[in-house]
Structures are given as C-alpha cells and as structure tokens.
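What follows is each chain in one-letter form.
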Amino acid sequence: MQNKSPLSPHIQIYKWHISSLVSISNRITGIINIIVITLICLWASLLLLGESRYETINLLLDSSIGKFLILGITWSFSFQILSEIRHLIMDLGYGFELKTTKITGLIVIFGSIILTVIFYLIGKNFF
Amino acid sequence: MINATKKWIFLKISGAILVPLMLWFIINLSSIYDQEYTNVVIFFTNTTSKFLFSIFIINAYFFSALSISEVFEDYIANDKIKNVANMLLYVSAVAIPVITIILISWL
C-alpha cells in the first residue's frame, strides 16, 4: 500500500546553508558510525579466534591505512558528539536565532576537526 | 502520550547517554587499535571496560535504530518496504549487541 503522507523533498532543491550542511552530515555520520560500531563488534568478537589469527587484523590496523581509518572514525564520532550536544541545546529551546545557528553549525564543523586531533593525541598519551 | 512523542523522548535520552560513552570509547579506541593481541584482550576483559562497552553498543544500536527509522519515514513511500526495512533494522539492533556481548564474555 502506498503511504499518502508527504516525503521530504530532494535535498538538491534547497540552497545550501550551514544548518542544512550540519543536518545532512549528522545523518551521514550517524549511518557511518553504526557501520563502524558493527565492524568494531566484529573486531572484538574476532579476538576469540586467538593471537595468531589476530595478526592479520593487527597488520592492517597498524599500517597507514589503519591510522587513516581510525582518524576518520574519530572525526565521525567527534562530529556526532558535537552535533548531538547542539541538538540537545536546541531541544531545550536555545540557539534558534539565525546567527546563532550559523555559529553553532560552524562550531560543530571546525570543532569536530579540533576534537579529532585532541582525542587521537589523548589516546596516544601525548598529554 | 502518542507513539511519536515517546520515540522522540527515547531518542533524546539515548542521545544524551551516548555522548559521554562515545567520548570514552573513541579515546580508548585511539589508544588500543594498534596494540598487540594481549593488550586488546586485556581491554575487553577488564570489568569496567566490558561494562561500558556493552552499555555503549546497546545504546548506540538503540539510538541508531530510532534515528534510521526516522530516515525511512522521510524517504520511503511504500509501507510494505518501510515495514520490512524497520523490522530488519530492529532485529539487527537487538541481535548484534547481544551476540557481541556474549562473545566478548567468553574472552
């Protein structure tokens, strides 16, 4: 049966704004994150296979590709963290002014890059 | 309270819980991803890590299932396809964390 409720119009008909960029990126990173969490669940489960079989996974993760993947995952998680905090603040009724939405949107975009570096360095005991 | 309101409240609560858990996990992931087998096993067998990781994946799948079902609501017009997609989504959101938690408890 065909649902008669309206669907979201295609994103291409809108003029791009900071808010729309953050909103669509939030959905994309949300989907990326759940795929990543599924792979992490698989990674944790593969530990059961023992040390010798884990070597192959370790080789990949210890390579430049592995580092790039982890940085990408860290950025995606950082983006979701900031975006979720932004949404929670807006749910409390704050930050709806046009100027404020632009500023908080920019904080999410640039803050996620800064957080990526900070989280990675904390993880690597640089501090 | 209508179902949409309940769903929204669950989405917000799980989103708020997810923020500190994501923060904890991403810092630990950066720390252990290139470590040797023994160190990774130590992380996943540590009681606190195991508990937080379990809560993290349960909450992450719960949050994602609610969020992705909203995307289905927005972009899938056919009710049959939407129902199947939602069913697959909810089954995997329960099965994957449960299977993972059982498997890491055997480590």
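Scroll up to find the structure this text is about.
Residues numbered from 1 in each chain as written. Chains lettered and ligands numbered in written order. Predicted model: local features only at pLDDT ≥ 70, side-chain atom pairs only at ≥ 80, totals over all residues.

A. Here's a closer look at the overall build of chain A. When helices and strands are counted, chain A shows 4 helices and 0 strands. Counting helices and strands in the order they occur from the N terminus, chain A gives α-α-α-α. Expressed as lengths along the three principal axes of its C-alpha atoms, the size of chain A is roughly 55 × 50 × 25 Å. (Helix = DSSP H or I, 4+ residues; strand = E, 2+ residues; numbered from the N terminus.)

B. View of unusual backbone geometry. Residues and elements named next belong to chain A. The backbone of Asn 125 sits at a positive phi, close to 55°, despite the residue not being glycine. As for its placement among the helices and strands, Asn 125 is situated in the segment after α4 (98-123). Taking the C-beta count within 10 Å as the criterion, Asn 125 has 8 such neighbours and is therefore assigned exposed. (Buried ≥ 20, exposed ≤ 12 C-beta atoms within 10 Å, placed from the backbone.)

C. Molecular detail of the environment of Ile 103 of chain A. For Ile 103 of chain A, the location among the structural elements is in helix α4. Assessed through the 13 C-beta atoms surrounding it within 10 Å, Ile 103 of chain A is described here as partly exposed.

D. Broad picture of the packing of helix α1 (residues 3-32) of chain B against helix α3 (residues 47-75) of chain B. All names here are of chain B. In contact at an axis separation of 9 Å, α1 and α3 are set at 140° when each is read in the N-to-C sense. By the angle between their directions, the pair α1 and α3 is classed as oblique. With respect to the hand of their crossing, α1 and α3 are arranged in left-handed fashion. Side by side, α1 and α3 meet where Lys 7, Phe 10, Leu 11, Ser 14, Gly 15, Ile 17, Leu 18, Leu 21, Trp 24 and Phe 25 of the first sit next to Leu 52, Ile 55, Phe 56, Asn 59, Ala 60, Phe 62, Phe 63, Leu 66 and Ser 67 of the second. (Axes fitted to C-alpha atoms, helices over the stretch in contact; angles between N-to-C directions. Parallel < 35°, antiparallel > 145°, perpendicular 65-115°, else oblique. Left-handed = near helix turned anticlockwise from the far one by under 90°. Contact = placed C-beta atoms within 7 Å.)

E. Main features of the nonpolar core. Ile 57, Ala 60 and Tyr 61 of chain B are the most contacted members of the largest nonpolar core, which has 37 residues in total. Secondary-structure elements contributing two or more residues to this core are α1 (18-46), α3 (64-91) and α4 of chain A together with α1, α3 and α4 (79-105) of chain B. Top contributing element to this core by residue count: α3 of chain B, with 9 residues. (Core = buried A, V, L, I, M, F, W, Y, C linked by C-beta atoms within 7 Å.)

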